[in-house]
Amino acid sequence: MISVVVIGKNEGERLGACLGSVQDALRVLSHEVIYVDSCSTDNSVEIARSHGARCFLLAETDTTAGLGRFVGAREARGEYLLFLDGDMQLCPGFAEQALMAIASRGYDGVCGIREDIYIRQGEAVARCENYFGCTRERIAPEFGGAILLTAEALNACGGWSPDTVACEEAELHARLKATGCRVAELPVPMIVHTDTLRDNRSALRVLISRRRLGEGQALRCAHAQGHAFSYLRHEREKFLFYALDWLCLILLFALGGWGFAAACFVQAVQLGYFLARGRGRAFVSQKLFFFAFPLGLASYHVRSRAYAAV
């Protein structure tokens, strides 16, 4: 049986579309649906109940996606766990192909093609048809919140981290790899994800976003579970450039003018590296990561695991 774990907060109609897509896509497969709510103030729980989901409400008000998935996995009864967010719709046929890949090739988890639709003020303004660039079957270099895992593999690595505000997928992926689990990426449609664009963020919010804070918190979480090295190795590019940025800062203060020249050279090499791979925005993100990462390390804290059936 597949246990579908859906998390959400104030998703409204998008949650109904998500759960409806699950019903349509898994019609011929044995499955259950679990909805974990992060203190919604709308009718999300009623929508989930109307689609036959077992519903649970988190006691923690400072919720995270990992906490919702942690609770959903705890309540799941199936041998396969399919995790979705409330703003995602499941594509027909993915689950069948994923289960066949697990059975025939011994994978411990499977993800597929993610399509993103970007919404601004209720209108679709952009689309990314293949967010992770999946064109062939391979061991997944990364995955997002939509993932199908065997319950055995998830339990063996310790499950989702409830305590990091972002990057919980990368942290889980590192632990899965460290325990010898293989997660595959298939070139078949898995989900359509609706992402709401926000243009009114302050400069401070751009610099210190939940995403960048989560990167530091994810390392703290991995360290608490004894897998800090696995996470550093999994995110080696990011932390290599982080170390180089510190080297630039040290050269700047230690060598004066020569240090400034050396730091500029290192930064130019970094920029060239990202531009050569068509990832110019990643260079900017790396610089913002340099400032936000220490704040993420400092802001990590353990959250309540309490919840109730509703």
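For the structure itself, look to the data block above.
Scope of this entry: the structure provided in the associated data block. (Residues numbered from 1 in each chain as written. Predicted model: local features only at pLDDT ≥ 70, side-chain atom pairs only at ≥ 80, totals over all residues. Heavy atoms only, no water.)

### Digging into the overall build of the chain
On a plain count of helices and strands, the chain comes out with 12 helices and 11 strands. Its C-alpha atoms give the chain a radius of gyration of 20 Å, within 12% of the compact-globule value 19 Å for 310 residues. Counting only C-alpha atoms and orienting by the principal axes, one finds that the chain spans roughly 70 × 45 × 40 Å. The 310 residues of the chain split such that 50% are buried. Entry remark: accessible area of the chain is about 14,700 Å², with carbon and sulfur atoms responsible for 57%. Averaging the coordinates of the 33 positive side-chain charges in the chain and doing the same for the 33 negative ones gives two points 6 Å apart. (Helix = DSSP H or I, 4+ residues; strand = E, 2+ residues; numbered from the N terminus. Rg over C-alpha atoms; globule rule 2.2 N^0.38 Å. Buried < 20%, exposed > 50% of the residue type's maximum accessible area, 1.4 Å probe, protein only. Areas by Shrake-Rupley, 256 points an atom, 1.4 Å probe, with all protein chains shown as cover. Lys, Arg positive; Asp, Glu negative; His and termini not counted. Charge placed at Lys NZ, Arg CZ, Asp CG, Glu CD.)

### Quick notes on the packing of helix 8 (residues 210–224) against helix 12 (residues 280–299)
Direction vectors running N to C along helix 8 and helix 12 enclose 50°, while the axes themselves pass 6 Å from each other. Relative to helix 12, the element helix 8 is oriented oblique. Viewed along their axes, helix 8 and helix 12 form a crossing whose handedness is right-handed. Contacts between helix 8 and helix 12 involve Arg212, Leu213, Glu215, Gly216, Gln217, Leu219 and Arg220 from the first element and Ser285, Leu288, Phe289, Ala292, Phe293, Leu295, Gly296, Leu297, Ala298 and Ser299 from the second. Looking at the contact of helix 8 with helix 12 residue by residue, the class counts come to 9 nonpolar, 5 polar and 3 charged. (Axes fitted to C-alpha atoms, helices over the stretch in contact; angles between N-to-C directions. Parallel < 35°, antiparallel > 145°, perpendicular 65-115°, else oblique. Left-handed = near helix turned anticlockwise from the far one by under 90°. Contact = heavy atoms within 4.5 Å. Nonpolar A, V, L, I, M, F, W, Y, C, P; charged D, E, K, R; others polar.)

### Some remarks on the pattern of salt bridges
In a structure, side chains of opposite charge can pair up when their charged atoms sit close to one another. Evaluation of the coordinates by the stated rule reveals 19 salt bridges. Arg77 is paired through a salt bridge with Glu32; the nearest N and O atoms lie 3.9 Å apart. A residue pair is termed long-range when its members are at least 10 positions apart, and Arg77 in the loop between helix 3 (65–75) and strand 4 (80–85) and Glu32 in strand 2 (residues 31–37) qualify at 45 residues. On the basis of relative accessible area, Arg77 is assigned to the exposed category, the value being 59%. The partner of Asp62 in a salt bridge is Arg303, and the shortest N-O contact between them spans 3.0 Å. Within this pair, whereas Asp62 is found in the loop between strand 3 (54–58) and helix 3, its partner Arg303 is found in the loop between helix 12 and strand 11 (307–309), the two being separated by 241 residues in sequence. Judged by its relative accessible area of 31%, Asp62 falls in the partly exposed class. Among the residues examined, Arg303 registers a relative accessible area of 3% and is labelled buried. Via salt bridges that share partners, Glu32, Arg54, Glu75 and Arg77 belong to a single interconnected network. (Salt bridge = Lys/Arg side-chain N within 4 Å of Asp/Glu carboxyl O.)

### Here we look at empty space enclosed by the protein
Evaluated as defined, the whole model comprises 1 cavity of 30 Å³ or more. In this structure, the largest cavity spans a volume of roughly 50 Å³. Residue lining of the largest cavity: Cys111, Gly112, Ile113, Arg114, Phe132, Phe143, Gly144, Gly145, Ala146, Met190 and Ile191, and that is the complete set. Elements that contribute at least two residues to the lining of the largest cavity include exactly strand 6 (109–120) and strand 10 (183–196). By residue number, the principal contributor to the lining of the largest cavity is strand 6, which donates 4 residues. Looking at the lining of the largest cavity, its residues break down into 7 nonpolar, 3 polar and 1 charged. (1 Å grid on protein atoms, 1.4 Å probe; cavity = no way out; pocket = protein on both sides within 12 Å on 5 of 7 lines; lining within 4 Å. Points joined across faces, edges and corners; volume = space filled by probe spheres on them.)

### Focus: the pairing of strand 7 (residues 123–128)
Direction of pairing for strand 6 relative to strand 7: antiparallel, over a ladder of 5 bridges. When the bridges of strand 7 are listed, Tyr118 appears paired with Ala126. The turn joining strand 6 and strand 7, which pair antiparallel and follow one another in sequence, is formed by 2 residues; a positive phi near 55° is taken by Gln121. (Pairing = 2+ DSSP bridges.)

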